[in-house]
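What follows is the residue order along each chain.
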Amino acid sequence: MRIGIVCYPTFGGSGVVATELGLALAHKGHTIHFITYDRPVRLRDHLGNVFYHEVRVSDYPLFDYPPYELVLSSKIVDVAKYEGLDLLHVHYAIPHANAAWMAQQILAAQGIRLPFITTLHGTDITLVGRDPSFEPVITFSIERSDAVTAVSESLKQDTYAHFPVKRDIRVIPNFVCNAQYPKRDEELTKRYAPNGEKLLVHISNFRKVKRVGDVVEVFKRVRERMPARLLLIGDGPERQRIEGMCRSLGVCGDILFLGKMTDPEDVLASCDLFVLTSESESFGLAALEAMACRVPVVSTDTGGTPEVNIHGVTGFLSPVGDVDSMAENAVSILKDEATLERFREGALEQARRFDVDIVLPRYEELYEGVLAQVKA
Ligand code: GMT
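Bear in mind the structure is a predicted one, so any value in this text is a computation, not a measurement. Residues take numbers from 1 onward in each chain, read along the sequence in its written order. For a predicted model such as this one, the threshold for reporting local features is a pLDDT of at least 70, and the threshold for listing and counting side-chain atom pairs is 80 or more; totals across whole chains, interfaces and linings nevertheless cover every residue. Each side-chain value is derived from all of the structure's non-hydrogen atoms; neither hydrogens nor water enter the calculation.

Caption draft 1: Main features of the domain arrangement of the protein. Start and end positions for the domains come from either an automated domain assignment or a database one. According to the domain assignment, the protein contains domain 1 (2-175 + 356-375) and domain 2 (178-353). For domain 1 and domain 2, the distance between their C-alpha centres works out to 30 Å. Contact definition: two residues touch when any of their heavy atoms are within 4.5 Å. Listed by partner, the interface residues are 21 residues for domain 1 and 19 residues for domain 2. Two parts placed together each lose some accessible area under a 1.4 Å probe, and adding up what both lose gives the buried area. In total, domain 1 and domain 2 occlude about 1400 Å² of area from one another, counting both sides; carbon and sulfur atoms represent 55% of this. It is Phe11, Arg42 and Asn174 that lose the most area in domain 1 upon contact with domain 2, and together they represent 33% of the buried surface on that side. Here, a salt bridge means any side-chain nitrogen of Lys or Arg that lies within 4 Å of a carboxyl oxygen of Asp or Glu. For the pair domain 1 and domain 2, the interface holds 1 salt bridge. Between Arg42 and Glu289 there is a salt bridge; the shortest N-O distance is 3.2 Å. Each polar contact in these results corresponds to two N or O atoms within 3.5 Å; when the atoms are within protein, one needs to be able to donate a hydrogen and the other to accept it, and residues that are neighboring in sequence are counted only if both atoms are side-chain atoms. Our enumeration of links across domain 1 and domain 2 arrives at 9 residue pairs in polar contact (both at pLDDT 80 or more). Each helix is a run of DSSP H or I of at least 4 residues and each strand a run of E of at least 2, with the numbering of both proceeding from the N terminus. Secondary structure elements with two or more residues in the side of domain 1 that touches domain 2: α1 (13-27) and α6 (153-162).

Caption draft 2: A look at the site of the ligand. Being near a molecule or strand, for a residue, comes down to having at least one heavy atom within 4 Å of it. If you check the shell around the ligand, you find 17 residues, and the closest are Ser14, His121, Asn205, Lys210 and Glu281. One nitrogen or oxygen atom from the side chain of His121 is found 2.6 Å from an oxygen atom belonging to the ligand. Backbone polar atom of Gly284 to an oxygen atom of the ligand: 3.0 Å apart, as the coordinates give it. Exposure was quantified through the Shrake-Rupley algorithm and a 1.4 Å probe, taking into account, for residues, occlusion by the shown protein chains and nothing else. A total of 480 Å² of accessible area belongs to the ligand in isolation, and the protein chains cover 94% of it. Note on residue categories: nonpolar means Ala, Val, Leu, Ile, Met, Phe, Trp, Tyr, Cys or Pro, charged means Asp, Glu, Lys or Arg, and polar means any other residue, Gly included. Residue classes in the shell around the ligand are distributed as 4 nonpolar, 11 polar and 2 charged. There are two domains that each give the shell around the ligand at least three residues, and those are domain 1 (2-175 + 356-375) and domain 2 (178-353).

Below you can see the structure in the form of C-alpha cells.
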C-alpha cells in the first residue's frame, strides 16, 4: 500500500507512535509518505520506501496566525495525486483530521477518492479537544473519517463522553518494537549511580498535565529511605519551575536533568524504576517503553495507564497527587533484588503483549477494510 502519514514531528508520544508505525509498515514493504512541518524526530532509518514531505507555511505579514491547516491540506492533495496514495493516516485529531477532510473534498472534486483514518492520541480529546472552540470541528472530522482508532479503551470512552460522536471507534493500542530495546548496561548505570544508588527515571514534555513536581516529591521520599538518584529526561514549560523546586528541597545533587533525548532507551535500560505522575494519560507510551527495557513503573491511576501498568505485576498504581502512596510503592519494589527482579520480568512480559508484531497487523487489517469499503 502507499500510505500517507500526518503527525506532529516532535517528541510527543503521538509523533513517536506515528513514526514507528510508518517505519514498521515500510519494513513490511509498504511505501510511506510522512507529511509534516519538520522531519519526525524518530525518523532515523534510511529505507528506500520512506519519504518525507515538508509543510512550509508562508510568513506573509498579513497573517497573525499562519494558516498551517490550509497548507497541510494542499500538501496532502499534492502528495496523494502525484505519489498515488491509497490512504492517509492522521495522528492527533487537531488540526490533522480536518485538514485531511478538506484534502479529501478537494481530491473528490478531481475524481480521486482518498480515504483517511484518524487516530486519537489523548490530549486532542482530553485537554485541547475539550476547549469548546474546537468541539464542532473535532466532532465533525471524527464523524467524517473513514475509520477512527483510539490508543486505549479509556480514550475511546472519553471521546464518547465528551463529544456527541456516535460512530464506531476501534481501540488499537500503542506498541513497542521490543527487539530494538537494549539490555541494561552496567557501565552506563555506574555513570549515573556511581555508589550503587537506585536509579529512578521520568520522561516527559514537562507540561503541567505530567505533574513533574510530584515526581520530585516521590523521589525525595524514596531517597529518605534508600540511596537513590533521579534522571529527568525531556524538556518543556515546567522545567524551570521544577529546577527551582529541586534546589529548594535540597535534592539537586541527586537529580540529573538530561534534557531532550531522541533515543533514550540506553539510559532507560540502566534505570530501576520509571515514575509517571500524570494528571491524565490516555496510554502512557513512555511507561511502555520503560517496560520494554525491563523497568517497572510506579504511576498514577488515570485514563489508560491501568491498561498498560498492571497493579502488582508491572509496577503499582496510585491516585493522582498521592505522592506518599507512590513513594511507598516505589520503596516496596526497590527494597530487595528479588522483588525488583520479579517486577522487571512482569514489566518485560507486558511490553511483549504490545509488540509491534502483534499490533501492526491490526492496523493493516483496518487499512484493508477501509480500502475494501471504498472499492465496494
Ligand atoms: O503526553 C503528551 O503530552 C503528548 C501526547 C501526544 O499526543 O503526543 O501524548 C498522548 O499520546 C501518547 C501516544 O498515544 C500517549 O501515550 C499519551 O498518554 C498521550 N498523553 C496524554 O494523554 C496526556
